[in-house]
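Reading the structure
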Amino acid sequence: MTTIKKIALGKNGPLVSKLGLGCMRMSSVWGGPGRDENESVATIQAALDNGINFLNTGDFYGAGHNELLVGRAIKGRRDDAFISVKFGAIFYGGRMLGLDLRPVAIRNFINYSLVRLGVETIDLYQPCRLDGSVPVEDVIGTVADLIKEGKVRYLGVSEITADQLRQAHSIHPVAALEIGYSLADRQIESDLLPVAKELGIAVVAFANTAEGLLTGDMKAPLPADAYQLHFSRFQGDNLVKNLEKVEVLKQMAKDKGYTPTQLAIAWVNAQGDHIMPLVSMSSRSRLPENIQAMDITFTAGEMDTLNTTFAPGAILGGTYLQR
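Notes on the structure follow. (Residues numbered from 1 in each chain as written. Predicted model: local features only at pLDDT ≥ 70, side-chain atom pairs only at ≥ 80, totals over all residues. Heavy atoms only, no water.)

1. Things to note about the overall build of the protein
How we decide: Secondary structure counts use DSSP, requiring at least four H or I residues in a row for a helix and at least two E residues in a row for a strand, with both numbered from the N terminus. Here a residue-residue contact requires only that any non-hydrogen atoms of the pair lie within 4.5 Å. Working definition of accessibility: Shrake-Rupley area with a 1.4 Å probe, residue cover restricted to the visible protein chains.
Regarding its fold elements, the protein presents 10 helices and 12 strands. Overall, the protein is about 55 × 40 × 40 Å in size when its C-alpha atoms are taken along their principal axes. At a minimum sequence separation of 6, the contacts of the protein that also span at least 24 residues come to 75%. Counting every atom, the protein has about 13800 Å² of accessible surface; 50% of that belongs to carbon and sulfur.

Here it is, written out as structure tokens:
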């Protein structure tokens, strides 16, 4: 099996696997247990066995269930795992009520996280967003204080603007930016990615298949209960036209002997040594294909075809990433 390469999180930061494991889908996203817990734990442990040490969770995933699951998986092998935790989102009844980024709340959140994870220190701690409800210096300053206290090792940020990234980094060095990035979602290339590269900040890129659009399995119209219908790119003629572009990816995948999902991950991986594809898995059966994707290379012609077909703005309609 492929040997997973390492990248540095930030300038002089820790070395972590260039492929990250997203644990969110192992829990019912906004309220308790979801998938087979034993299989989820086994998936995390198999990922660690194969050199994937970056584990991504959030204290609001499954109302704390996800952290308990990660804690169970890493028990007895804490040094094998690099744990990334997002905080700040408040959920109730299956929907997001808003953010709580007050310093007193952050201090409360981390203490619960440490207990659920069964660790003394969280490796990467990050607000899930910054909405202006609390001054950036207060949010980032609180995490900086937690770093001084030994409860956190490194500061991360998630889903923020280029200006917010500069501001956060000026208060305390940011090691990693977590953001959605894929062939279908390239709007961050104009400002956010250049700022991250300039500042030496690693990029943890989630939603590599754009909520399933790039898997090659999607057909129009979607079932009436599909969660993707909340986003305009999956509605009506938008979806029909978007899937026409996906046909190009499907054909290339067929020609190269891979799946469209593998090519979608490989494209993100190819965007830079400082960019990590963050792939959600809840079954060990997914590990080999996702690890194999990290070895896929593109010819100049193939990359040109993908970048032309999926040029910024080519995918019609928006997602939650385009607020």
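2. Description of unusual backbone geometry
One can expect most non-glycine residues to show negative phi and most peptide bonds to be in trans. Between Ala 220 and the following residue, Pro 221, the backbone shows a cis peptide bond with an omega angle of -10 degrees. Within the secondary structure, Pro 221 sits in the loop between strand 11 (202-206) and helix 7 (236-256). Despite not being glycine, Asn 12 has its phi angle at roughly 60 degrees, a positive value. Within the secondary structure layout, Asn 12 lies in the loop between strand 1 (6-8) and strand 2 (15-17).

3. Regarding the side chain of Ser 17
Rules: Think of it in three bands: with a 1.4 Å probe and only protein chains considered, a residue is buried below 20% of the maximum accessible area for its type, exposed above 50%, and partly exposed in between. Contacts described as polar in this section are N or O atom pairs within 3.5 Å, which, within protein, must combine one atom able to donate a hydrogen with one able to accept it, while residues neighboring in sequence count only if both atoms come from side chains.
Position of Ser 17 relative to the elements: it lies in strand 2. Using a relative accessible area of 0% as the deciding quantity, one classes Ser 17 as buried. Engagement of the side chain of Ser 17 in a polar contact is seen with the backbone oxygen of Leu 19, the distance being 2.8 Å. Aside from chain neighbours lying at most four places away, what touches Ser 17 is Ile 4, Lys 5, Lys 6, Ile 7, Gly 51, Ile 52, Asn 53, Phe 54 and Met 276.

4. A short note on the environment of Phe 82
By the secondary structure assignment, Phe 82 is in strand 5 (residues 82-87). Along the sequence, Phe 82 and Asn 56 sit 26 residues apart, while their C-alpha atoms lie 8.6 Å from each other. Every residue in contact with Phe 82, bar those within four places of it in the chain, is listed here: Leu 9, Pro 14, Val 16, Asn 53, Phe 54, Leu 55, Asp 123, Leu 124, Arg 153 and Tyr 154.

5. Brief notes about the pattern of salt bridges
Opposite charge on two side chains permits them to pair, given that their charged atoms come into close proximity. As a reminder of what qualifies: When a carboxyl oxygen of Asp or Glu is within 4 Å of a side-chain nitrogen of Lys or Arg, the pair counts as a salt bridge.
This structure, assessed with the given rule, holds 16 salt bridges. With a closest N to O distance of 3.0 Å, Arg 77 and Asp 80 form a salt bridge. Residue Arg 78 is joined to Asp 123 by a salt bridge in which the shortest nitrogen-to-oxygen separation is 3.0 Å. Within this pair, whereas Arg 78 is found in the loop between helix 2 (65-74) and strand 5, its partner Asp 123 is found in strand 8 (residues 122-127), the two being separated by 45 residues in sequence. Where salt bridges share partners, they join Asp 49, Arg 77 and Asp 80 into one cluster.

6. A closer look at the environment of Phe 298
Considering the arrangement of structural elements, one finds Phe 298 in the loop between helix 9 (287-293) and helix 10 (300-309). Put simply, Phe 298 and Trp 267 are 31 residues apart on the chain and 8.2 Å apart in space, counted from C-alpha to C-alpha. Contact partners of Phe 298, with chain neighbours within four places excluded, come to Met 252, Lys 256, Leu 263, Ala 266, Trp 267, Met 303 and Leu 306.

7. As for helix 6 (residues 192-199)
The condition is simple: In this description, one arc is meant: the one made by directions from the helix axis to the C-beta atoms.
All of the buried residues in helix 6 are Leu 192, Leu 193, Val 195, Ala 196 and Leu 199. Down the axis of helix 6, the smallest arc covering the buried residues is 165 degrees, so these residues share one side. Residues of helix 6 that are buried sit in contact with helix 5 (162-171), strand 10 (174-180) and strand 11. One or two steps after helix 6, the chain reaches Gly 200, where phi turns positive at roughly 75 degrees.

8. Section: the side chain of Ser 27
Examined against the element boundaries, Ser 27 turns out to sit in the loop between strand 3 (20-22) and helix 1 (37-49). Within the structure, the side chain of Ser 27 is placed 2.9 Å from the side chain of Asn 66, a separation counted as a polar contact.

9. Quick look at the environment of Ile 291
Tracing the sequence through the fold places Ile 291 in helix 9. Relative accessible area serves as the criterion here: at 0%, Ile 291 is assigned to the buried category. Sequence separation between Ile 291 and Ile 52 is 239 residues; the distance between their C-alpha atoms is 9.0 Å.

10. Remarks on the state of the cysteines
In plain terms, the rule: Two cysteine sulfurs form what is called a disulfide whenever their separation falls within 2.5 Å.
Scanning all chains against the criterion turns up 0 disulfides. There is no disulfide at Cys 23, and the cysteine sulfur nearest it, in Cys 128, is 17 Å away. Look at Cys 128 and you get buried, because its relative accessible area is 6%.

Such coordinate-based values are descriptive only and should not be taken to indicate function.
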